[in-house]
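An overview of the molecular structure
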Amino acid sequence: MDETATGSGPGDAEGPDGPVAIVGLGYVGTSLAAVLAEGGYRVRGVDVDASVVDRVAAGECPIEEPGITERFERYADEGRIGASTDPATVADCPAVLVTVGTPLSASDPDLSTSDPDLSAVESATDDVAPYLDPDDLVVYRSTLPAGATEGTVAPRLAAGSELEPGRDVHLAFCPERMAEGSAYDDLTTTPVVVGGLSPASREAAEAFWSSLGLETVPVSDPTAAELAKLADNWWIDLNIALANELALLSEELGTDALEVIEAANTLPKGQHHVNILYPGAGVGGSCLHKDPWFVAGLGDEYGLDLETPRVSRRANDRMPGHVVDLTRESLDGDLAGATVAVLGVSFKGGTDDTRNTPAVPIVEGLREGGANVRVTDPYVPAGEVEDLLGTAPTRLPEALAGADAVVVVTDHEAYRSLAPETLRERVGRDSFAVVDGRHVFAWDAFDGTAVTYRGVGRGVRE
């Protein structure tokens with residue numbers, strides 16, 4: 001096979017316990033590769049996307065992530081990270097980490113049911129199984145519905161390798177617990193939950209993560225680890241839903257939801273304090289959009305009508321539409337013909353990740369109202385913006401010039417550091433609207449000016 005197609009590889013050079021294979025070089029796999037390489041391992045990446053492999057071969061990081069991108073590219077240049085489309089790359093790797101995606105397969109129009117799509121996990125399992133040797137460690141980081149490691153993964157590994165998971169080959173589920181924008185810190189400081197198929201598998205997985213200096217949290221089995229991951233994101237989505245509904249109520253009452261939240265969070269409760277997160281323009285990314293539905297689906301499977309996952313999804317999914325409504329209200333109830341600058345396309349500040357970004361429904365809603373929309377983002381490639389939104393992005397100064405409204409969708413530092421007076425100069429007019437979906441401006445930042453300020457959870461300032 002041509003070298004360009006198969007990618008570059010570190011050969012048989014070894015790290016602390018031999019080369020490590022990572023199957024799936026998406027956000028999780030790429031971030032993990034950088035951290036493992038920094039920890040002394042030689043990383044062999046496997047991905048079905050030849051373009052990703054080509055980028056790694058050229059020494060490029062497939063993602064934009066603070067703390068990860070520069071490390072990944074340095075170690076790729078040094079030959080400590082390589083990639084291939086050939087699953088045989090995992091051969092002779094004592095540890096194989098599976099980090100492929102597990103999206104939702106479908107959801108019905110009223111958001112009452114949805115099933116996980118495990119096809120990538122199944123395919124990856126079938127691909128690597130023939131290359132496993134006795135005593136190898138296989139760790140799944142892909143988010144799985146509770147019970148899938150034992151019920152889906154283990155039988156496929158056994159069939160493809162002729163080795164018994166938990167006895168001949170070690171199998172563990174260790175959920176990914178990082179967030180975009182803080183992936184490096186999360187991967188190097190957050191305890192790793194370890195659910196082994198057997199005591200020996202748990203010990204092998206704990207030893208692997210301990211080699212990186214990480215604290216481990218052993219649980220009784222993979223199902224407990226799978227449910228712990230889902231519980232984390234179930235809680236986060238519910239917490240944001242509470243914050244968003246508190247924001248809606250605060251707007252009606254004319255008070256500042258952020259001030260309310262800061263006051264509420266001073267109450268000691270349980271092990272820590274009340275910890276209400278911040279409201280915003282919408283929830284994006286991969287995990288929070290699907291993990292609550294994994295929970296709801298598990299409830300259905302066992303005859304339980306679990307309400308809270310569905311409630312949080314409904315509450316959070318309506319926030320992009322609320323941002324559109326705030327923009328319309330700030331323009332005297334009419335979007336038709338208005339020029340609106342949308343600041344941010346990625347779902348979170350400091351990254352180029354556009355998965356389930358609220359920018360898409362916000363832009364669509366503004367256009368449906370008749371607005372002329374300009375979009376800008378310092379991280380997301382122009383081609384990706386065009387694919388998502390059907391329009392070419394522009395630079396921030398061009399997006400702002402003459403705008404009737406400025407809508408902040410993403411909290412990039414470039415927007416957080418934008419002084420109110422600078423914004424007014426770049427817009428070039430006295431009277432316009434600011435709709436702040438990420439609280440990048442103080443509530444009173446435009447007091448004494450002709451600017452109408454509408455922030456999520458912050459009522460009207462004009």
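Residues numbered from 1 in each chain as written. Predicted model: local features only at pLDDT ≥ 70, side-chain atom pairs only at ≥ 80, totals over all residues. Heavy atoms only, no water.

**Some remarks on the overall build of the protein chain**
Along the protein chain, the regular secondary structure elements total 18 helices and 18 strands. On C-alpha atoms alone, the protein chain measures out to a radius of gyration of 24 Å, which is about the 23 Å that the 2.2 N^0.38 rule sets for 462 residues. When the backbone C-alpha atoms are referred to their principal axes, the protein chain occupies close to 70 × 50 × 40 Å. A total of 462 residues make up the protein chain; the buried ones form 52% of that total. Long-range pairs, those at least 24 residues apart, make up 72% of the contacts in the protein chain between residues at least 6 apart in sequence. With an accessible surface of roughly 18600 Å², the protein chain has 49% of that area assigned to carbon and sulfur atoms. The centroid of the 32 positive side-chain charges in the protein chain is displaced by 5 Å from the centroid of its 78 negative side-chain charges. (Helix = DSSP H or I, 4+ residues; strand = E, 2+ residues; numbered from the N terminus. Rg over C-alpha atoms; globule rule 2.2 N^0.38 Å. Buried < 20%, exposed > 50% of the residue type's maximum accessible area, 1.4 Å probe, protein only. Contact = heavy atoms within 4.5 Å. Areas by Shrake-Rupley, 256 points an atom, 1.4 Å probe, with all protein chains shown as cover. Lys, Arg positive; Asp, Glu negative; His and termini not counted. Charge placed at Lys NZ, Arg CZ, Asp CG, Glu CD.)

**A few points about the packing of helix α13 (residues 319-330) against helix α14 (residues 359-368)**
Viewed as axis vectors pointing N to C, α13 and α14 meet at an angle of 40°, and their least axial separation amounts to 8 Å. In terms of axis orientation, α13 runs oblique to α14. Every pair of crossing elements has a handedness; the one defined by α13 and α14 is right-handed. Where α13 abuts α14, its residues Pro320, Val323, Val324 and Thr327 lie against Pro361, Ile362, Gly365 and Leu366. A per-class count over the contact of α13 with α14 returns six nonpolar, two polar and no charged. (Axes fitted to C-alpha atoms, helices over the stretch in contact; angles between N-to-C directions. Parallel < 35°, antiparallel > 145°, perpendicular 65-115°, else oblique. Left-handed = near helix turned anticlockwise from the far one by under 90°. Nonpolar A, V, L, I, M, F, W, Y, C, P; charged D, E, K, R; others polar.)

**Overview of the packing of aromatic side chains**
Tallied over the entire structure, the rule returns four aromatic pairs. An angle of 80° between the planes, with centres 4.9 Å apart, marks the rings of Phe208 and Trp209 as edge-to-face. You can call Trp209 buried: its relative accessible area is 1%. Aromatic side chains Phe441 and Phe446 sit 5.3 Å apart centroid to centroid with 70° between the ring planes, which places their arrangement in the edge-to-face category. For Phe441, a relative accessible area of 4% corresponds to the buried category. Taken together, Tyr41, Phe208 and Trp209 form an aromatic cluster joined through their ring pairs. (Phe/Tyr/Trp six-rings, centres within 6.5 Å; stacked < 30°, edge-to-face > 60°.)

**Section: the pairing of strand β14 (residues 372-376)**
As defined by bridge partners, strand β13 (residues 339-343) adjoins β14 across five bridges and the pair is classed as parallel. Bridge pairing in β14 places Thr339 opposite Asn372. The handedness of the β13 to β14 crossover, carried by α14, is right-handed. (Pairing = 2+ DSSP bridges. Right-handed = clockwise from strand over helix to strand, strands pointing away.)

**Some remarks on the packing of helix α2 (residues 27-38) against helix α4 (residues 69-77)**
One can describe the packing of α2 onto α4 by two numbers: an axis separation of 9 Å at closest approach and a directional angle of 60°. Relative to α4, the element α2 lies oblique. Read as a crossing pair, α2 and α4 show a hand that is left-handed. Counted together, Thr30, Ala33, Ala34, Ala37 and Glu38 of α2 and Arg71, Phe72 and Tyr75 of α4 form the full contact between these two elements. Of the residues in the contact of α2 with α4, the class split is five nonpolar, one polar and two charged.

**Description of the pattern of salt bridges**
Tallied over the entire structure, the rule returns 20 salt bridges. Notably, a salt bridge pairs Arg156 with Asp126, separated by 2.7 Å at the nearest N-O pair. Pair noted here: Arg156 is in helix α6 (residues 148-161) and Asp126 is in helix α5 (residues 119-128), with a separation of 30 residues, a long-range link. The exposure class of Arg156 is partly exposed, given its relative accessible area of 30%. Residues joined by salt bridges that share partners form a network here, namely Glu180, Asp353 and Arg355. (Salt bridge = Lys/Arg side-chain N within 4 Å of Asp/Glu carboxyl O.)

**Details of the environment of Ser161**
Position of Ser161 among the secondary structure elements: in helix α6. By relative accessible area, Ser161 is classed as buried at 14%. Counting along the chain gives 36 residues from Ser161 to Thr125, while the straight-line C-alpha distance between them is 9.9 Å. When near neighbours in sequence (up to four residues on either side) are disregarded, Ser161 contacts Ala129 and Leu132. At a separation of 2.6 Å, a polar atom in the side chain of Ser161 contacts the main-chain carbonyl oxygen of Leu157. A polar contact of 3.1 Å, which involves the side chain of Ser161, links it to the backbone nitrogen of Leu163. (Polar contact = N/O pair within 3.5 Å; in protein donor to acceptor, adjacent residues only side chain to side chain.)

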